[in-house]
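Here's the letter readout for the chains.
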Amino acid sequence: MSPFHVIGIINTTPDSFSDGGRYISADDAIETALDMIEQGADGIDVGGESTRPGAQPISPDMECERVLPVIAGIRRGHPAVPISIDTSKSVVAARAIEAGATIINDITAGVADPAMLPLAARLGASLILMHMQGTPRTMQAAPTYADVVTEVRDYLAARLAAAEAAGIPRTRVILDPGIGFGKTPAHNIALLQHLHTLVAVGAPVLVGVSRKSLIGHLLGGRDITERLEGGLALMGLAAQQGATYFRVHDVLPTRRFLTVWQKVTGD
């Protein structure tokens, strides 16, 4: 059995950086998610609010309107597949879990909404805790760290402790260093090169590099449509460092890449 978990991304937003507007129709989003599962996705992450740099927040009602039919449709098609709701609002998370989600993916690590951790504990949901400096609207203005690797590790270790204190077992928590969220290319590279320090905290680590601007930067400005191979290279580095969860747009190439990686490395 593979130690790697591939999580397919479904953004039901008009303004996400990569696929904004592609899945405005719930039927299109559901069909794509079901295709991803057939291609080897171990789970699906559904988001209704863009978190790209400069993104503006939306209301909980609008977020729910976008994500709930999609989550319910995926759950009808696959009764057991893990579905995560990408939100920092506890009211959205609660309604998404009612609709069939089992994981909360919170880019603020439970900081933006103090009700998020108690909600996850009460409902038995798993939790993805991500590091972000600033907010999506401001995070890329001038990200600064004295030591990005240590600061991200310590922040996520503290958020893991907060989750445990709220009653969420460590076995239900995944940590995400937040590549591209309030970081320069140099910060992102340092985090990927030293990801083992975050793995050592003692919870599974998720990496999301799919189609991100870091790849475009490393490839001399390549467009989003030309970043697949670069993303796979970064995922290989992350796997080498101990990451086991990968949040991606391109499920089939990622699954093939990780299958070969596992067979030749023995991981």
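For clarity, every value in this text was computed on a predicted model and none was experimentally measured.

A. Broad picture of the overall build of the chain. Scanning the chain from terminus to terminus reveals 10 helices and eight strands. For 267 residues, the compact-globule estimate of 2.2 N^0.38 gives 18 Å, and the chain sits close to it at 17 Å. Dimensions along the principal axes, computed over C-alpha positions, put the chain at roughly 40 × 40 × 40 Å. Summed over its atoms, the accessible surface of the chain is roughly 11,200 Å², and 55% of this surface lies on carbon and sulfur atoms. Seen as two clouds, the 22 positive and the 27 negative side-chain charges of the chain have centres 2 Å apart.

B. Local environment of helix H9 (residues 228-241). Helix length check: H9 (14 residues) gives 20 Å between terminal C-alpha atoms against 20 Å at 1.5 Å per residue, within 8%. By the burial criterion, the buried members of H9 are Gly230, Gly231, Leu232, Leu234, Met235, Gly236, Ala238, Ala239 and Gln241. Looking at the packing, one finds that the buried side of H9 touches helix H6 (185-193), helix H7 (196-199), strand S7 (206-207), helix H8 (213-218), strand S8 (245-248) and helix H10 (251-265). Looking at the residues trailing H9, positive phi occurs at Gly242, about 115°.

Parameters at a glance
- Residues numbered from 1 in each chain as written.
- Predicted model: local features only at pLDDT ≥ 70, side-chain atom pairs only at ≥ 80, totals over all residues.
- Heavy atoms only, no water.
- Helix = DSSP H or I, 4+ residues; strand = E, 2+ residues; numbered from the N terminus.
- Rg over C-alpha atoms; globule rule 2.2 N^0.38 Å.
- Areas by Shrake-Rupley, 256 points an atom, 1.4 Å probe, with all protein chains shown as cover.
- Lys, Arg positive; Asp, Glu negative; His and termini not counted.
- Charge placed at Lys NZ, Arg CZ, Asp CG, Glu CD.
- Expected span 1.5 Å × (residues − 1).
- Buried < 20%, exposed > 50% of the residue type's maximum accessible area, 1.4 Å probe, protein only.
- Contact = heavy atoms within 4.5 Å.

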